[in-house]
Amino acid sequence: MTIPDPFYRENIQLHPEAAPAPLPRTLLSSFLAAGLFTLVCGLGYPLLTTAVSGA
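Residues numbered from 1 in each chain as written. Predicted model: local features only at pLDDT ≥ 70, side-chain atom pairs only at ≥ 80, totals over all residues. Heavy atoms only, no water.

Participant: Can you break down the overall build of the chain residue by residue, with the values?
Facilitator: Scanning the chain from N- to C-terminus turns up 2 helices and 0 strands. Split into buried and exposed, the 55 residues of the chain put 4% on the buried side. For the chain, the accessible area works out to roughly 5,100 Å², and carbon and sulfur atoms hold 73% of it. (Helix = DSSP H or I, 4+ residues; strand = E, 2+ residues; numbered from the N terminus. Buried < 20%, exposed > 50% of the residue type's maximum accessible area, 1.4 Å probe, protein only. Areas by Shrake-Rupley, 256 points an atom, 1.4 Å probe, with all protein chains shown as cover.)

Listed below in structure tokens is the structure:
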């Protein structure tokens, strides 16, 4: 039994929803994720630990 490759050309024609996302959409989601994690890990966590240690 073989596992079908979703990026194989014949599968894309049969299942258009299996096509990879366009590059601008991928880049936008990557930058948004990087910004979110920067805020959470670089600002949120230090503020939270500072607040907890001061209490």
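After presenting the structure, the write-up continues.
Participant: Give me a nonpolar patch on the surface: which residues, what numbers.
Facilitator: On the surface, Leu23, Leu27 and Phe31 cluster together to form a nonpolar patch covering roughly 350 Å² of accessible area. Turning to its location among the elements, Leu27 is positioned in helix H2 (residues 23–54). Here Leu27 falls in the partly exposed class, since its relative accessible area comes to 42%. (Patch = residues over 30% accessible without salt bridge, like charges linked within 9 Å, V, L, I, M, F, W, Y side chains within 5 Å. Salt bridge = Lys/Arg side-chain N within 4 Å of Asp/Glu carboxyl O.)

Participant: Give me H2: which residues, what numbers.
Facilitator: The terminal C-alpha atoms of H2 lie 45 Å apart, and with 32 residues this matches the ideal 46 Å at 1.5 Å per residue to within 8%. Roughly 35° is the biggest bend found in H2, and it falls at Gly44, with proline Pro46 one to four residues downstream. Taking burial as the measure, the 32 residues of H2 include 0 buried ones, a minor fraction of the element. (Expected span 1.5 Å × (residues − 1). Bend = angle between axes of the 7 residues up to and from the residue.)

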